[in-house]
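Read off the chains here:
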Amino acid sequence: MKISLNDNTLDVSIVIPAMNEAANLEQLLPSLMETLEGLEISYEVLVVDADSPDATQAVVEEYGGRYICEAERGYGVALVRGFSEALGAYVITMDADLS
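Conventions adopted
Residues numbered from 1 in each chain as written. Predicted model: local features only at pLDDT ≥ 70, side-chain atom pairs only at ≥ 80, totals over all residues. Heavy atoms only, no water. Pairing = 2+ DSSP bridges. Helix = DSSP H or I, 4+ residues; strand = E, 2+ residues; numbered from the N terminus. Axes fitted to C-alpha atoms, helices over the stretch in contact; angles between N-to-C directions. pLDDT = per-residue confidence, 0-100. Salt bridge = Lys/Arg side-chain N within 4 Å of Asp/Glu carboxyl O. Core = buried A, V, L, I, M, F, W, Y, C linked by side-chain atoms within 4.5 Å. Buried < 20%, exposed > 50% of the residue type's maximum accessible area, 1.4 Å probe, protein only. Contact = heavy atoms within 4.5 Å. Polar contact = N/O pair within 3.5 Å; in protein donor to acceptor, adjacent residues only side chain to side chain.

**Looking at the sheet that holds strand 2 (residues 43-49)**
Taken in spatial order, the four strands of this open sheet run 3-2-1-4, and their pairing is parallel. What marks the edges here is a single partner per strand, and that holds for strand 3 (66-69) and strand 4 (88-93). The mean inter-strand angle of the sheet, taken between neighbouring strand axes irrespective of direction, is 25 degrees. Pairing of strand 2 with strand 3, which is carried by four bridges, proceeds in the parallel orientation. Note on strand 3: the bridge partner recorded for D49 is C69.

This is the structure we're talking about:
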């Protein structure tokens with residue numbers, strides 16, 4: 001997959017690969033959003049999901065994240081897709097499983 005970088009319009013993009021992680025995202029996203037708000041920077045949270053049958057999309061949207069559905073499965077594929085969609089000058093990756 002070819003990556004073309006977007007013009008940086010935000011300070012930070014957080015990319016979170018996910019598959020059936022709705023329950024974990026219910027815990028992670030509120031805390032993450034609160035922390036980011038406290039930093040007083042511009043940011044986005046992108047959750048790249050492998051088309052999970054759970055409520056991942058609804059949870060992401062509830063907490064103000066950007067949901068990206070990636071049909072091709074794989075951790076690396078999800079990261080590359082997130083990087084290609086990110087608008088931040090800096091990109092941080094996190095796991096959705098609270099590890």
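**Thoughts on the confidence of the model for the protein chain**
A residue-level look at the protein chain finds 92% of positions with pLDDT of 70 or above and a mean pLDDT of 92. Per-element confidence in the protein chain is highest for strand 3, whose mean pLDDT is 98, and lowest for strand 4, whose mean pLDDT is 95.

**Some thoughts on the pattern of salt bridges**
When the charged atoms of two side chains lie near each other, side chains of opposite charge can form a pair. Using the criterion set out here, one finds four salt bridges in the structure. With a closest N to O distance of 3.0 Å, E85 and R81 form a salt bridge. Highlighted residues: E85 and R81, both in helix 3 (residues 75-85), separated by four residues, approximately one helical turn. Through salt bridges that share partners, E44, R66, E70, R81 and E85 make up one connected network.

**Digging into the nonpolar core**
As a rule of thumb, soluble globular proteins bury nonpolar side chains together. By size, the foremost hydrophobic cluster in this structure holds 18 residues, and its most contacted members are I14, I16, L25, L29, L32, V45 and V47. Ranked by residue count, the leading element in this core is helix 1 (residues 22-39), at seven residues. Contacts of I16, omitting those with residues within four sequence positions, involve L25, L28, L29, L32, V45, L46, V47, V48, M94, D95 and A96. Residues V15, L46, I68 and A78 belong to the second largest nonpolar core, which totals six residues.

**Structural notes on the side chain of S52**
Mapped onto the fold, S52 is located in the loop between strand 2 and helix 2 (56-62). The exposure class assigned to S52 is buried, which follows from its relative accessible area of 11%. Engagement of the side chain of S52 in a polar contact is seen with the backbone nitrogen of N20, the distance being 2.6 Å. Within the structure, S52 has its side chain in polar contact with the side chain of D49 (distance 2.6 Å). Residues contacting S52, with those up to four places away along its chain left out, are A18, M19 and N20.

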